[in-house]
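What follows is each chain in one-letter form.
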Amino acid sequence: MSSFNDYFAHQKRFFLFFLTFSHSQFLRVKLHQTTPTMRNPPHYCTIVSLFLLISSFFPSFSAIDYIARGSSLSVEEHATSFLVSEHDSFACGFYEVGDNAFAFAIWFKNSADRTVAWVANRDRPVNGRGSRISLHKDGALVLTDFDGTVVWSSGTSFGGSVDQVKLFNTGNLAVVDSVSNLLWQSFDSPTNTLLAYQLITKKTPLVSSSSRGSVSSGFYRLYFDNDNVLRLIYDGPEISSIYWPNPFNKVWDNGRSTYNSSRLGSFNKMGHFYSTDKLKFNASDYGQGITRRLTLDYDGNLRLYSLNKEDNGSWSVSWQAIQNSCEIHGTCGRNALCVHEAMFEYCSCLPGFDVIDPSDLSKGCRPKYNFSCKPNENHFLEIPLADFWGFDLAFNAPISFTECKEICEQRCTCQAFVYREEPAECYPKNILFNGRSSSNSNTTAYLKLPKSVPLSQFSAAPSAQPLICDDTKVEQTTPEFYQKTGGKTKWEYFYGFVSALFVIEALFIACGWWFIFRREQMPTATEEGYKMISSQFRRYTYAELRKATRSFKDVVGRGGSGTVYKGVFDDDREMAVKKLEDVIHGEEEFKAELSLIGRIYHKNLVRIFGYCSEGSHKLLISEYIKKGSLDKYLFDSGTSATLLGWRERFKIAVGVAKGLAYLHHECLEWVIHCDVKPENILLDMDFEPRIADFGLVKLLNRGGGGGGGGGSNLSRIRGTRGYIAPEWASSLPINGKVDVYSYGVVLLELVKGERVSNWVMDGAEEVGLVLRRSIVALKEKMESGEEGWIDEFVDHRLDTELNWKQAMLMLQIALSCLEEDRNKRPTMDSVVQMLLLGDD
Ligand SMILES: *[C@@H]1O[C@H](CO)[C@@H](O)[C@H](O)[C@H]1NC(C)=O
């Protein structure tokens with residue numbers, strides 16, 4: 001059986017091997033050499049593969065019913081030797097939590113992603129070789145690592161009466177004696193999940209996991225407080241704060257009671273939850289026969305899930321504690337705001353603060369400036385609709401605004417104050433935590449900043465990052481030594497490997513695809529559970545997109561990277577669905593690039609909601625911007641679109657610059673757009689520009705070698721005639737300055753209302769040359785100090801509306817962006833700063 005075990009244990013490696021060598025002669029030769037005595041290999045092969053084929057479809061075949069006293073399970077056999085409950089709904093054994101790292105866990109056997117219900121060693125994974133779980137003669141269930149260290153133990157000895165370890169249909173793992181008394185049970189030590197009839201007690205809180213798909217402990221807890229109330233708390237390394245039930249209300253107002261000190265809670269098979277503080281709720285699918293779990297998720301929300309047996313074992317949420325994720329404390333960390341907009345929530349650093357760790361926004365933001373304690377060296381930035389929960393220096397009400405400001409000014413530790421007009425309330429804060437902002441808030445926050453920092457630079461909304469962006473977060477609980485495998489078993493491993501290969505060749509078609517199919521399903525199923533609550537970056541199925549776009553009927557645009565369709569989704573949201581053409585082939589690279597794009601959020605960039613990747617179908621799903629692209633409004637002389645006024649033009653110039661500056665300077669990685677042009681600038685309802693098609697450089701084949709990193713190589717020309725920088729023609733590595741150049745062209749076009757490429761009268765001349773000549777001429781005029789020429793240059797359709805100062809500014813900036821020597825071009829950051837000087 002050892003070959004069989006190895007097959008399962010290393011199926012991934014085998015699969016890769018097979019892709020490469022499956023039918024090569026090399027493999028056959030090897031096989032015959034290692035099995036020289038076998039007279040009739042085909043027969044042997046058929047029998048064994050039939051046998052294995054059957055057992056692979058009945059995986060419980062070699063699973064075990066109990067661990068007897070004095071025996072054990074070893075980690076090497078994790079794929080086949082695990083406990084299974086009688087009705088086949090739960091399994092318990094070694095569960096892979098990282099590369100060669102395992103936990104002893106109970107999981108839902110029928111869920112697509114083997115959702116974990118309980119873990120013995122959450123924060124101390126054991127090695128994939130040599131670790132075992134044993135029921136000692138004295139009655140203790142003990143988990144040992146490769147070197148024999150005890151990592152976890154049920155903790156008690158029961159002497160002679162102990163009989164076995166059994167997994168019950170309820171999902172409870174128990175040490176029982178010969179007359180089936182429970183001597184120890186996993187139900188007494190929940191991790192992040194409560195099963196039906198399992199009690200949460202005063203001694204056993206639920207503790208969230210640290211990230212999606214991980215088992216290690218996070219910072220959120222569901223616990224009974226000293227006043228007998230069941231609460232949710234963020235209990236982080238620096239700060240702890242309670243967020244559920246609503247801390248603004250009195251206990252009674254939240255429908256709870258402090259009266260009963262038993263401190264117990266559980267839900268029954270119907271999906272009804274009750275706890276002694278009078279918390280009651282029902283699952284939305286209230287009724288029998290459904291497998292449920294109550295889980296404190298990694299994001300701090302408490303959710304009741306139901307298993308969909310028909311639908312591949314995915315989970316759906318049938319109740320959750322908190323509807324708006326911004327009410328969960330700790331999500332955005334210190335010095336940040338959780339912004340709640342109609343469609344989604346995201347984290348954003350406060351003005352004057354920088355994100356500490358872009359991959360983990362809960363670490364919050366750090367100040368960019370040094371603060372002074374002297375009252376006259378600070379001033380306050382108004383942040384409308386914002387509020388911070390907790391950490392008040394003093395509660396001062398009722399009090400006038402000026403007095404409130406005075407209090408914060410005088411106190412060195414005061415970082416901001418929150419003021420509410422009706423009734424007049426003042427909250428000076430010494431820690432800025434649990435910040436949030438939503439349009440229905442009636443408070444305003446005033447942030448203390450050094451006087452040396454002009455407040456005007458923060459006139460726009462702060463740049464922001466999406467709330468849930470850890471799809472790519474890599475679980476890193478694996479200590480160094482888990483990567484190494486013991487040398488002792490190398491030869492066993494080798495023989496096992498070779499004979500297993502022999503067997504699998506026959507099995508490959510039968511089970512291989514079954515496995516792949518199962519694995520492919522996993523991410524979708526996991527994400528389904530979250531679909532209900534968050535509209536964050538996710539994966540869509542092709543079928544879903546075909547339905548939404550009515551079989552790709554509504555074409556709204558065609559670009560270099562693909563065709564864009566309009567789609568309407570189940571929740572009536574309109575989205576743009578882009579079929580990418582000529583995409584890079586590596587599935588992993590594709591997903592990695594997308595996860596980067598998915599984390600980009602800025603109000604001047606088109607928001608990407610998700611992707612689809614099924615075989616050759618590669619699609620991007622993004623916001624649908626109703627007004628369409630800038631070129632229609634700027635160049636169309638027809639009556640279809642209204643003429644863009646000056647105000648809008650300037651607004652577009654500023655917005656596009658901000659969007660590009662975000663891509664170039666503030667993103668997690670440098671992103672060069674490489675195709676800035678009016679067609680890629682979309683306009684939303686109030687003419688705020690949104691840049692589309694960013695981040696595609698590395699996704700598309702023609703992009704050449706990656707375009708992300710600072711000094712990267714883009715070998716082949718991308719971009720559009722009339723907008724491409726001269727260095728594309730040289731062998732210089734491409735950097736963000738190509739976008740600065742294209743932006744310069746767009747600026748000229750905004751001012752002139754005409755395509756630069758149309759300046760070429762007879763079409764015979766090279767656009768670049770004509771542009772160069774015009775630039776030189778413009779420069780001379782500008783330096784001459786005269787003003788009459790501007791009249792001729794600026795879009796004559798504008799007439800009276802024009803703002804001279806802004807027009808001059810835009811032209812000046814355009815000219816510096818169009819410098820032939822890219823080192824002389826400004827950065828997008830400084831372009832934004834320059835433009836803001838002209839804003840009034
Ligand atoms: C507290 O609740 C428990 C469980 O519901 C119940 O058995 C007990 O009688 C209650 N105690 C009081 C004092 O109401």
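Residues numbered from 1 in each chain as written. Predicted model: local features only at pLDDT ≥ 70, side-chain atom pairs only at ≥ 80, totals over all residues. Heavy atoms only, no water.

Visitor: Give me the sheet that holds strand E1 (residues 66–68): which residues, what numbers.
Guide: Pairing is antiparallel in the open sheet, where 4 strands are placed in the order E1-E11-E12-E13. Strands at the two margins of the open sheet, each flanked by one partner only, are E1 and strand E13 (182–185). The average angle at which neighbouring strand axes cross in this sheet is 20°, direction not considered. Bridge count for E1 against strand E11 (residues 162–167) is 3 bridges, and the pairing is antiparallel. Bridge assignment links isoleucine 67 to a residue of E11, and that residue is valine 165. (Pairing = 2+ DSSP bridges. Helix = DSSP H or I, 4+ residues; strand = E, 2+ residues; numbered from the N terminus. Axes fitted to C-alpha atoms, helices over the stretch in contact; angles between N-to-C directions.)

Visitor: Give a description of the packing of aromatic side chains that names residues and reports values.
Guide: Centre distance and the angle of the planes are the two values used to describe a pair of aromatic rings. In the structure shown here, the tally under the stated rule is 29 aromatic pairs. Both rings, one in phenylalanine 104 and one in tryptophan 118, keep their centres 6.4 Å apart while their planes meet at 85°; by these two values the pair is edge-to-face. One end of the pair, phenylalanine 104, is in strand E5 (residues 101–108); the other, tryptophan 118, is in strand E6 (residues 116–119), and 14 residues separate them in sequence. In this structure, phenylalanine 104 and tryptophan 118 share a single accessibility class: buried. Here a set of aromatic residues connected by ring pairs shows up, and it is made of Phe219, Tyr220, Tyr234, Tyr243, Phe391 and Phe433. Seen from the ring of tryptophan 244, arginine 256 lies directly overhead, with NZ or CZ sitting 4.6 Å from the centre. Over the ring of phenylalanine 687 we find lysine 627; its NZ or CZ atom is 4.7 Å from the centre of that ring. (Phe/Tyr/Trp six-rings, centres within 6.5 Å; stacked < 30°, edge-to-face > 60°. Buried < 20%, exposed > 50% of the residue type's maximum accessible area, 1.4 Å probe, protein only. Lys NZ or Arg CZ within 6 Å of the ring centre and 35° of its normal.)

Visitor: Give a detailed account of the pattern of salt bridges, specifying residues and quantitative values.
Guide: Following the criterion strictly, the structure yields 26 salt bridges and no others. Residues aspartate 354 and lysine 368 are paired through a salt bridge, measuring 3.9 Å at the closest nitrogen-oxygen approach. Of the two residues, aspartate 354 is situated in strand E28 (residues 353–355) and lysine 368 in the loop between strand E29 (365–367) and strand E30 (378–384); the sequence distance between them amounts to 14 residues. Residues lysine 677 and aspartate 675 are paired through a salt bridge, measuring 3.8 Å at the closest nitrogen-oxygen approach. Across this residue pair, the class does not change: lysine 677 and aspartate 675 are buried. (Salt bridge = Lys/Arg side-chain N within 4 Å of Asp/Glu carboxyl O.)

Visitor: How would you explain the sheet that holds strand E42 (residues 617–623) if you had to name every residue and give the values?
Guide: Spatial ordering of the open sheet is given by E37-E41-E42-E40-E39-E38, a layout of 6 strands whose pairing is mixed. Looking at the sheet topology across the chains shown, the edges are occupied by strand E37 (538–539) and strand E38 (555–559). As defined by bridge partners, strand E41 (residues 608–614) adjoins E42 across 6 bridges and the pair is classed as antiparallel. Counterpart to glutamate 614 in the pairing with E42 is histidine 617.

Visitor: Pulling in residues and values, what's your account of unusual backbone geometry?
Guide: Along the chain, tryptophan 244 connects to proline 245 via a cis peptide bond; the corresponding omega equals -5°. For proline 245, the location among the structural elements is in the loop between strand E19 (240–244) and strand E20 (264–267). The phi angle at asparagine 228 is positive, at roughly 75°, despite the residue not being glycine. With a phi close to 65°, leucine 385 is a non-glycine residue in the positive phi region. By relative accessible area, which is 32% here, leucine 385 ends up partly exposed.

Visitor: Give me the site of the ligand: which residues, what numbers.
Guide: Taken together, the residues surrounding the ligand are Tyr259, Asn260, Ser262 and Thr276. Within the side chain of asparagine 260, an N or O atom sits 2.2 Å from an oxygen atom of the ligand. Computed on the free molecule, the ligand has an accessible area of 360 Å², of which 38% lies beneath the protein chains in the complex. Class assignment for the residues of the shell around the ligand results in 1 nonpolar, 3 polar and no charged. (Near = heavy atom within 4 Å. Polar contact = N/O pair within 3.5 Å; in protein donor to acceptor, adjacent residues only side chain to side chain. Areas by Shrake-Rupley, 256 points an atom, 1.4 Å probe, with all protein chains shown as cover. Nonpolar A, V, L, I, M, F, W, Y, C, P; charged D, E, K, R; others polar.)

Visitor: Kindly report on helix H10 (residues 646–666), identifying the contributing residues and their values.
Guide: The end-to-end C-alpha distance of H10, which contains 21 residues, comes to 29 Å, matching closely the 30 Å that a straight helix rising 1.5 Å per residue would cover. Extensive coverage of H10 is indicated by the burial of 16 of its 21 residues. (Expected span 1.5 Å × (residues − 1).)

Visitor: I'd like a description of the packing of helix H11 (residues 737–752) against helix H14 (residues 804–817), backed by residues and values.
Guide: Where H11 meets H14, the closest approach of the two axes is 8 Å, and the angle between their N-to-C directions is 150°. Relative to H14, H11 is oriented roughly antiparallel. The two elements H11 and H14 cross, and the hand of that crossing is left-handed. Note on element contacts: H14 touches H11 through Met810, Leu811, Ile813, Ala814 and Cys817, opposite Val740, Tyr741, Tyr743, Gly744, Leu747, Leu748, Leu750 and Val751. For the contact of H11 with H14, the class distribution of residues is 12 nonpolar, 1 polar and no charged. (Parallel < 35°, antiparallel > 145°, perpendicular 65-115°, else oblique. Left-handed = near helix turned anticlockwise from the far one by under 90°. Contact = heavy atoms within 4.5 Å.)

Visitor: Which residues make up the environment of phenylalanine 82, and what are the values?
Guide: Locating phenylalanine 82 in the fold gives a position in the loop between strand E2 (72–74) and strand E3 (83–84). Once the C-alpha coordinates of phenylalanine 82 and phenylalanine 94 are considered, the two residues, 12 residues apart in sequence, prove to be 7.4 Å apart. Contact partners of phenylalanine 82, with chain neighbours within four places excluded, come to Ala63, Ile64, Leu73, Ala91, Cys92, Gly93, Trp107 and Lys109.

Visitor: Lay out the nonpolar core in plain terms, naming residues and giving numbers.
Guide: Ranked by internal contacts, the top residues of the largest apolar core, which has 77 residues, are Leu630, Tyr743, Leu748, Leu750, Met810 and Leu835. The element that contributes the greatest number of residues to this core is H10, accounting for 11 residues. A domain split of this core shows at least three residues from each of domain 5 (538–623) and domain 6 (630–837). Contact partners of tyrosine 743, with chain neighbours within four places excluded, come to Ala653, Val654, Val656, Ala657, Leu660, Val676, Cys817, Met828, Val831 and Leu835. Grouped together as the second largest cluster of nonpolar side chains are 33 residues, Phe90, Cys92, Ala120 and Val162 included. (Core = buried A, V, L, I, M, F, W, Y, C linked by side-chain atoms within 4.5 Å. Domains from an automatic or database assignment.)

Visitor: Give me the lowdown on the pairing of E30, citing residues and values where you can.
Guide: Within E30, 5 of the 7 residues are buried, which leaves it mostly tucked inside the rest of the structure. In the sheet, E30 pairs with strand E35 (residues 443–450) via 7 bridges, with the strands oriented antiparallel. By the bridge assignment for E35, glutamate 382 is matched with tyrosine 446.

Visitor: Please set out the state of the cysteines residue by residue, giving values where relevant.
Guide: The full count for this structure, using the stated rule, is 6 disulfides. One disulfide bridge connects cysteine 404 with cysteine 426, the sulfur atoms lying 2.0 Å from each other. Sign of the S-S torsion, about 80° for the bond between cysteine 404 and cysteine 426, identifies this disulfide as right-handed. Here cysteine 404 is found in helix H5 (residues 401–410), whereas its partner cysteine 426 is found in strand E33 (residues 425–429), with 22 residues between them in sequence. Each of the two residues, cysteine 404 as well as cysteine 426, counts as buried. Disulfide partners in the protein, listed by the sequence order of the bonded cysteines, are 1-3, 2-4, 5-6, 7-10, 8-12, 9-11. (Disulfide = S-S within 2.5 Å.)

Visitor: Run through the packing of helix H12 (residues 767–784) against H14, naming residues and quoting values.
Guide: Where H12 contacts H14, the two axes come as close as 11 Å, and the packing angle between them is 130°. When the axes of H12 and H14 are compared, the pair comes out oblique. Regarding H12 and H14, the two cross each other, and that crossing is left-handed. Residues Ile775, Leu778, Lys779 and Met782 of H12 form the contact with H14, whose own contacting residues are Met808, Leu811, Gln812 and Leu815. A breakdown of the residues in the contact of H12 with H14 according to their chemical character gives 6 nonpolar, 1 polar and 1 charged.

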